[in-house]
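Okay, here's what each chain looks like letter by letter:
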Amino acid sequence: MTTASTPATPGPSSPTSVMALPLEQIKIEDDDDGEIIPPIRPSSTPFPQADMVEGNIQCLHRLDPDRMDGVTSYPILSESSTSTLDNLPTEIHDCVLDHLLGVRASASSRTKHEGSTKVLRNWSTALRHARRREVAELARVSPKWRGLVQDRLYRHLKIKGTTDSILEAYEWFCEHPHLQAYVKHIEIWFPVFQQKSPTFDRTLRIPTPTPDRPRGYGATELMNGMYGLTYKSPTSNSSLEDVFEFVASTFREAGILTLEGGDRKKPPMVKHFRNSSIPGQRLATIRGIRTLVCKGQWNIIRSRDDFNTIAEALPNLNEWHGNYAKPKSKSYLSMAATLPYLPQNLTHLNICLENDYRREAVSPGFVRKITQKDVHFCTQFAKAIPTLEHVAFTGRLCRCFFDDAAKLSNSRTSRLKSIDLTVKNVCRPTFVWNDGTGITDMQFILAFEQLVLAAAKSLDKLAALQFLKITFIDLESQVPALNPYFQLENNQLTGIWSDSIVETLERTRPAAHYLEKADILPDDVGFKDGQIQGPPLFQKRPLSIKVSCYHSLSGGITIT
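Residues numbered from 1 in each chain as written. Predicted model: local features only at pLDDT ≥ 70, side-chain atom pairs only at ≥ 80, totals over all residues. Heavy atoms only, no water.

Caption draft 1: Structural detail: empty space enclosed by the protein. Using the criterion set out here, one finds 2 cavities of 30 Å³ or more in the structure. Approximately 80 Å³ is the volume found for the largest cavity. In this structure, the largest cavity is lined by Gly262, Asp263, Arg264, Pro267, Gly296, Trp298, Asn299, Tyr324, Ala325, Lys326, Lys328 and Ser331. Considered class by class, the residues forming the lining of the largest cavity number 4 nonpolar, 4 polar and 4 charged. Counted as a void, the second largest cavity has a volume near 50 Å³. Lining the second largest cavity, in full, are Glu354, Asp356, Tyr357, Arg358, Thr394, Thr422, Val423, Lys424, Phe472 and Ile473. It is strand 10 (residues 418-426) that provides the largest number of residues to the lining of the second largest cavity, a total of 3 residues. Its residues assigned to classes, the lining of the second largest cavity shows 4 nonpolar, 2 polar and 4 charged. (1 Å grid on protein atoms, 1.4 Å probe; cavity = no way out; pocket = protein on both sides within 12 Å on 5 of 7 lines; lining within 4 Å. Points joined across faces, edges and corners; volume = space filled by probe spheres on them. Nonpolar A, V, L, I, M, F, W, Y, C, P; charged D, E, K, R; others polar. Helix = DSSP H or I, 4+ residues; strand = E, 2+ residues; numbered from the N terminus.)

Caption draft 2: Layout of the pairing of strand 10. When you tally the buried positions in strand 10, you get 9 out of 9 residues, the bulk of the element. As paired elements, strand 9 (residues 390-397) and strand 10 share 8 bridges and run parallel to each other. Each bridged residue has a counterpart across the sheet, and for Gly395 the counterpart in strand 10 is Val423. In terms of handedness, the path from strand 9 via helix 11 (residues 400-408) over to strand 10 forms a crossover that is right-handed. The sheet contact formed by strand 10 and strand 11 (residues 467-472) spans 6 bridges and is parallel. Paired with Thr422 across the bridge in strand 11 is Thr471. (Buried < 20%, exposed > 50% of the residue type's maximum accessible area, 1.4 Å probe, protein only. Pairing = 2+ DSSP bridges. Right-handed = clockwise from strand over helix to strand, strands pointing away.)

Caption draft 3: Expanded view of the packing of helix 12 (residues 442-457) against helix 13 (residues 499-508). The interhelical angle for the contact between helix 12 and helix 13, taken along N-to-C directions, is 15°, at an axis separation of 8 Å. On the basis of their axis angle, the class for helix 12 and helix 13 is roughly parallel. In terms of crossing hand, the pair formed by helix 12 and helix 13 is left-handed. Touching Glu449, Val452, Leu453, Ala456 and Lys457 of helix 12 are Ser500, Ile501, Thr504, Leu505, Arg507 and Thr508, all from helix 13. (Axes fitted to C-alpha atoms, helices over the stretch in contact; angles between N-to-C directions. Parallel < 35°, antiparallel > 145°, perpendicular 65-115°, else oblique. Left-handed = near helix turned anticlockwise from the far one by under 90°. Contact = heavy atoms within 4.5 Å.)

Caption draft 4: Region of interest: the state of the cysteines. Enumeration according to the criterion identifies 0 disulfides in this entry. The thiol sulfur of Cys427 is not disulfide-bonded, and the nearest other cysteine sulfur, from Cys378, lies at 3.7 Å. (Disulfide = S-S within 2.5 Å.)

Caption draft 5: Inspection of the side chain of Asp306 at higher detail. Considering the arrangement of structural elements, one finds Asp306 in helix 7 (residues 304-312). Of the side chains with opposite charge, Arg302 lies nearest to the buried Asp306, which makes no salt bridge, at 6.5 Å. Separated by 3.2 Å, the side chains of Asp306 and Ser303 make a polar contact. (Lys, Arg positive; Asp, Glu negative; His and termini not counted. Salt bridge = Lys/Arg side-chain N within 4 Å of Asp/Glu carboxyl O. Polar contact = N/O pair within 3.5 Å; in protein donor to acceptor, adjacent residues only side chain to side chain.)

Caption draft 6: View of a negative patch on the surface. Taken together, the side chains of Asp164, Glu168, Glu171 and Glu175 present a region of like negative charge at the surface. With respect to the element layout, Glu175 can be found in helix 4 (residues 163-175). (Patch = residues over 30% accessible without salt bridge, like charges linked within 9 Å, V, L, I, M, F, W, Y side chains within 5 Å. Areas by Shrake-Rupley, 256 points an atom, 1.4 Å probe, with all protein chains shown as cover. Charge placed at Lys NZ, Arg CZ, Asp CG, Glu CD.)

Caption draft 7: Up close: the nonpolar core. Membership of the largest hydrophobic core comes to 113 residues, with the highest contact counts inside it found for Ile186, Phe244, Trp320, Phe377, Phe402 and Ile470. Looking at which element gives the most residues to this core, the answer is helix 12, with 11 residues. (Core = buried A, V, L, I, M, F, W, Y, C linked by side-chain atoms within 4.5 Å.)

Caption draft 8: Molecular detail of the pattern of salt bridges. Throughout the structure, instances matching the rule amount to 15 salt bridges. In this structure, Lys295 engages Glu187 in a salt bridge whose closest nitrogen and oxygen atoms are separated by 3.0 Å. Separated by 108 residues along the polypeptide, Lys295 in strand 6 (residues 291-295) and Glu187 in strand 2 (residues 185-189) bring together distant segments of the chain. By the burial criterion, Lys295 is buried, and Glu187 matches it. Taken together, the shared-partner salt bridges in this structure form one network comprising Asp356, Arg358, Arg359, Asp474 and Glu476.

These figures come from the coordinates and say nothing about function on their own.
Here is the structure:
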């Protein structure tokens, strides 16, 4: 790489016509000073000095050696001089790799970028590059790139949670100890199925038809009979005891631990210890882990004791993400028993109990199973608020959450800074038969308003709260922009409003104000053949929606 081709030293500007004076026209006076008098520059010359261009330019005057004092001389590199890639600063290499592979986020960051409204980062795909094999080829560019590329490749590891896979990974990192420090995020996934016949040839899809094949005998049955293609519950899965010992001894720089329990009908629970009959066992302590992500959490944590076993092994844990694959009553009951007793060092919480963003005509049957246990999840959830700083939740919630959180919080000591709620439905009395959701269900809209009103009342006790978001998502809505929502950010309010909400906010958070307060729905929303219709390009969510406007969308009208 020559100096003239680098971005820092661009080539010369467009050539300008510079005519040198003939030698015979230059008059040299033979005096003591020996100075050469250059011609006077015309006043019409636009630049104070002549542009330097390539070529043999004749010097019109000589500098006296006495006048060179204090002038620093710089060596001029020839065009043949080169600069190797490794001589560039490490920051330049990082910028190049960030351009090729994407910006490398810090393992301790919780937001995607500065100013992002997302409360907690989504660690499901964090730090892991999709095209790892192609990226590995970049390690051959130069010795300096080898370490930088390996840092990105090993930054997020995903290992199968079986005894053979854990042992193989342990042997690999023992043979290559310099790679251990690169691992910042370790993910262990536990299979929920195990193939009975691992010798099955996967290249053979459908057997060749034979004349003696029984009539009505399907290809699946024939293949199962010929090759034994059946599955069973896994028997070679590792226990959490094996996983924690592996992580504690190998990845001392890791800060994020992900455990994926999988999902299936009647899934097996991941064993915590190799021998569960021995009482008083403890998992290996991992002090570097600060973020715990549990996907398919029902197969990992089913009781308060299960969570305590994991939390005791992570003394510096301050962030917990829990995601359930399917909604069930046991998930709510398990969290209701665990959330009131979170450790004091846990300040960031993200729980997703239901991830099906579709409206309901009526609440499913498992909701009534929860009420039969005389356990109100919203009340139990509120008991965790006094020690938390950031909360993100997806599921069913009602105004009791904010009412009880305000009772348990002190305005002087409250640490809660942000709340992000995605509401699947709002809890209502069990005897109500039409407890569905949707923008055409006025009872749901009124229940959503009560939830927002309770949140507004709690702001005087939750004095440190700066971000509040309550959202209802209906993927089947004809006008998704009209799904009710409420947001408080930097004392700016958007979303649904009513006179009672505005009056409450004036009392509890006087500095907050709505960006606008529209009294009617957008003009493009109307009805056709008894169904609500929105414009095809109606995608932008309005800054404000008055609660009473939803009356015009109700009255037995359905959305198809």
